[in-house]
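Coordinate inspection notes
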Amino acid sequence: MPDDTDDLGRLNTNDGWDVPPVTPVTPVDEAGSAVSPKGDGDARATDDGPVRDQADYDDGQAWDRARGKRKAEQQEGEEDGKGYDELRQVQQRVYNNFYASVDASGAAFGFGATSAPGLVPGIVAPEAVDEALRYYVRPEPCFKEALSRLECDSLVVLTGQDDTGRGAGAFALLRRIAGDGVPLRSLSPANALADLAATAAIEPGHAYVIRDYVGETNIAAVQAYEIGRLSEELQRKGAFLVITTDDTSLRRLALKDHCVPWHTPDAVQLFQYCRERLPNVEIDPETEKELLESVAEKRRPADVVAAAVALSQSPLTALETLRDSDSKCVQEWFQGRPGADDLLPVAALAFLEGVPERTFEKATALLFAHMRNWELHGETPVTEQEPVTPLPPRGGSFEQSRARWKERAVGLVEVRSHSWPGQGDSRGERCLVFTSPRIRDLVICELHSLYGYELWYPLRQWLGDLSRLPDLDARTEVARGTAMLARYGPAEVEEYLLRNWAEGITSQRVTAALTLQFMCEAEQLAPLALNIVLRWADNNGPGRAVTAAMALTGRLGSLYRLDSLNLLWFLTGRGERIAFAARRSLVLLLQTAEQEPDRALLTLGYARTCVESAERRSKDRLDALRMVVQLLEAERLEGPGAVPAALLRQVPDSARHLGALWTAVLLSNFRRRAVQALCRTLVHLRDDPTATDDVRRLGEAMRAGMGASQWSALSHALSTALRSPDFAIPGTHELARVLVGSLHGRSRPDPARRPSPPFTQAVSSSVQGGRSK
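Residues numbered from 1 in each chain as written. Predicted model: local features only at pLDDT ≥ 70, side-chain atom pairs only at ≥ 80, totals over all residues. Heavy atoms only, no water.

Some details on the packing of aromatic side chains
Using the criterion set out here, one finds 10 aromatic pairs in the structure. Look at phenylalanine 351 and tryptophan 456: their rings are 6.5 Å apart centre to centre, the planes differ by 85°, and that puts the pair in the edge-to-face class. Of this pair, phenylalanine 351 sits in helix α13 (residues 340-351) while tryptophan 456 sits in helix α17 (residues 453-466), placing them 105 residues apart in sequence. In this structure, phenylalanine 351 and tryptophan 456 share a single accessibility class: buried. Taken together through their ring pairs, the aromatic side chains of Trp333, Phe334 and Tyr451 make up a single cluster. The ring of tryptophan 405 is capped by arginine 408, whose NZ or CZ atom sits 4.7 Å from the centre of that ring. It is arginine 460 that lies over the ring of tyrosine 496; its NZ or CZ is 4.1 Å from the centre. (Phe/Tyr/Trp six-rings, centres within 6.5 Å; stacked < 30°, edge-to-face > 60°. Helix = DSSP H or I, 4+ residues; strand = E, 2+ residues; numbered from the N terminus. Buried < 20%, exposed > 50% of the residue type's maximum accessible area, 1.4 Å probe, protein only. Lys NZ or Arg CZ within 6 Å of the ring centre and 35° of its normal.)

Take a look at the structure:
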């Protein structure tokens, strides 16, 4: 087998996994200043060609700068397009994992995943509140104090650590003070509190909650005076607002007079309360004593409830739940103070779980190289128990590194065979995975809590290198691991990783966007992810604005729907590069909403409102029409077909919005593209026997916005387009006649007849909208 490394240990595989050689220490002089290497004099270029007249020179420079700027913008647009292609690949996998009969055990986060009650802005269903309060016990005295503040000011802020039951406490307070029949609405954490009192967002007699409030992009906007006005407005309208947040002082500057520190209820009391409401199970005194002792050590109410539910099945199940063998296994492994040769591979696996073993080994070699560079610069090694083993010389013996996993992380890691998309079962590859899904998160938690700068500095440098790799699967796992790290060090993740990635190359921006999407799996991190996106979009440079637009295409855009639409539509009015990204994100939002009728209708209705509210012949209307035609041209993520065709089949109410949008673009300079999109939609509906009614509803919606002359132009354009070989397919003409009949207000003609004359009518000279484009 040929050797794929040189004497410096640099991997020469041209796949992006170049491990840097150990760099020498920079030489310094006696005063401690860095000594520059000797050179051959001034290396600046001096061959400027013949001397030209200054005016000609200035004009030439301006022309070169303009040409260079256009070329740079074109390259940036192409790179952004590659980034969106990668996002589409990731989201297509998520879509298939959660909406098709595919094993999703190793899937990312799905757009249809269940969210915690109140996390998604909108009306909170009474059934969701009932479920959240099913085993609720009021913690005292904080519940009584919060209720008193709410009665007095109509506003209270529950502060405290995560997983203390703040969300359920908010529901319990609002139920207690407002009653069961009062509508309960969750507000977006991006709402400006100072503006709520001045808008129509607060309705009389309603109850409101803001989950995991993280502050606002403009901290100065939240002043105590404005919060007082909000409290007065709530009292005037007989409404109530409960906010949950953490203990960060920055959030409490203007809200400190309304804050109540929140605590968990007594664990044993909660456990007994749950047992009274669950099926009774006979249990011996010794086992009961052990259960109560274990319950008393639990901090999270969710863990106590889980143990009580497990007890309703069997005492043994309850004990296993309370013992938490995964957590115990991880803690015992770290208590053994593993050496660097064991610690670094496990740390690498926390950010690259499930990738092919060969990919993981290259990444681990890269991490060891970063660690050696760090140690050679005079810093303390990560551990002193076992020195880092240097690369063996050629001809020497090699360590059996793969066999080492049998003793390196016993009980934590196992080897599996897995087939990736595009591979057959015969091409399955070995990969390393943790023995339980929770272990990955627990390992990252221990790494963050036990080790400091001497480990995390080279780790962050290593993650930065991984974010530049062309390997999308590896970067997806890096994003997933970084999102888990954000649970324990959100400020570090944002400052040292995400902020740099967001203005880096395309692969880094995609990695940052995926990290923000994955952060939404933890409900306390979802508002933080939204807050980061809002800051990046607020005059922080085009790179971060594009990354913000990318981040809103996935789980983040699904959770905060209206906020995402508002921000993306705003970005379509920015520079061309940012506007391009925002339009692509809006299209991707609609593509991922196919199985979520409410979100699809919201997206279509939002686009329709923006078009109808824009002034005619204005730039806003032109931008809106350009956006709409891209929505109508969108292709499905899960397979061939047009998104409008899928929505017409699965979301009947979409016909009225799609009809209005098609009418708008048909009466504009985008008429030709609109006709092409309409024909493609008919082609994809032709094989569906139930599509006739859907097409008729679409035609009726279009008829409501068209006059006779405009219909004449559409009829001619449709007739011409259907002669194309791409659309001249059996069944398409029949659906087109149904559409035409709807526009005429007639019933469907006899399919046995030849195509009717409307497809040959001439274009009227009075048609609005100008020349087709």
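Examining the sheet that holds strand β5 (residues 240-245)
Pairing is mixed in the open sheet, where 6 strands are placed in the order β1-β3-β4-β5-β2-β6. At either end of the open sheet lies a strand with only one pairing partner, and these are β1 (122-123) and β6 (259-261). Where strand β4 (residues 207-210) and β5 come together, 4 bridges link them in parallel fashion. Bridge pairing in β5 places isoleucine 210 opposite isoleucine 243. Docked against the sheet, helix α3 (residues 142-153) engages β2 (155-159), β5 and β6, running at close to 150° with respect to β2. (Pairing = 2+ DSSP bridges. Contact = heavy atoms within 4.5 Å. Axes fitted to C-alpha atoms, helices over the stretch in contact; angles between N-to-C directions.)

What to know about unusual backbone geometry
With an omega of 10°, the peptide bond running from glutamate 140 to proline 141 counts as cis. Along the chain, the position of proline 141 falls in the loop between α2 (126-132) and α3. Here the phi dihedral of asparagine 539 falls at roughly 55°; this positive angle occurs in a residue that is not glycine. Along the chain, the position of asparagine 539 falls in the loop between α21 (526-536) and α22 (542-551). Classification of asparagine 539 by relative accessible area gives exposed; the value is 68%. The backbone of arginine 617 shows a phi angle near 60°, a positive value even though the residue is not glycine.

With respect to the side chain of arginine 166
On the secondary structure map, arginine 166 appears in helix α4 (residues 166-178). A relative accessible area of 6% places arginine 166 in the buried class. Separated by 3.3 Å, the side chain of arginine 166 and the backbone oxygen of threonine 245 make a polar contact. Those residues in contact with arginine 166 that sit more than four places away from it in its chain are Leu158, Thr159, Gly160, Gln161, Asp212, Thr244, Thr245, Asp246 and Trp262. (Polar contact = N/O pair within 3.5 Å; in protein donor to acceptor, adjacent residues only side chain to side chain.)

Description of the pattern of salt bridges
Following the criterion strictly, the structure yields 47 salt bridges and no others. Across the pair arginine 175 and aspartate 130 runs a salt bridge, and its minimum N-O distance is 2.9 Å. Within this pair, whereas arginine 175 is found in helix α4, its partner aspartate 130 is found in helix α2, the two being separated by 45 residues in sequence. We classify aspartate 130 as partly exposed; its relative accessible area is 40%. Each member of the salt-bridge network shares a partner with another, and the members are Asp342, Arg404, Glu407 and Arg408. (Salt bridge = Lys/Arg side-chain N within 4 Å of Asp/Glu carboxyl O.)

Examining α4
In a regular helix each residue adds 1.5 Å, so 13 residues correspond to 18 Å; α4 covers 18 Å between its end C-alpha atoms and thus fits that length. In terms of burial, α4 is a largely internal element, 10 of the 13 residues being buried. Residues of α4 that are buried include every one of Arg166, Gly167, Ala168, Gly169, Ala170, Phe171, Ala172, Leu173, Leu174 and Arg175, and no others. Buried residues in α4 make contact with α2, α3, β2, β3 (184-186), β4 and β5. At the C-terminal side of α4, glycine 179 shows a positive phi close to 95°. (Expected span 1.5 Å × (residues − 1).)

Limitation: the analysis is restricted to geometry and does not speak to function.
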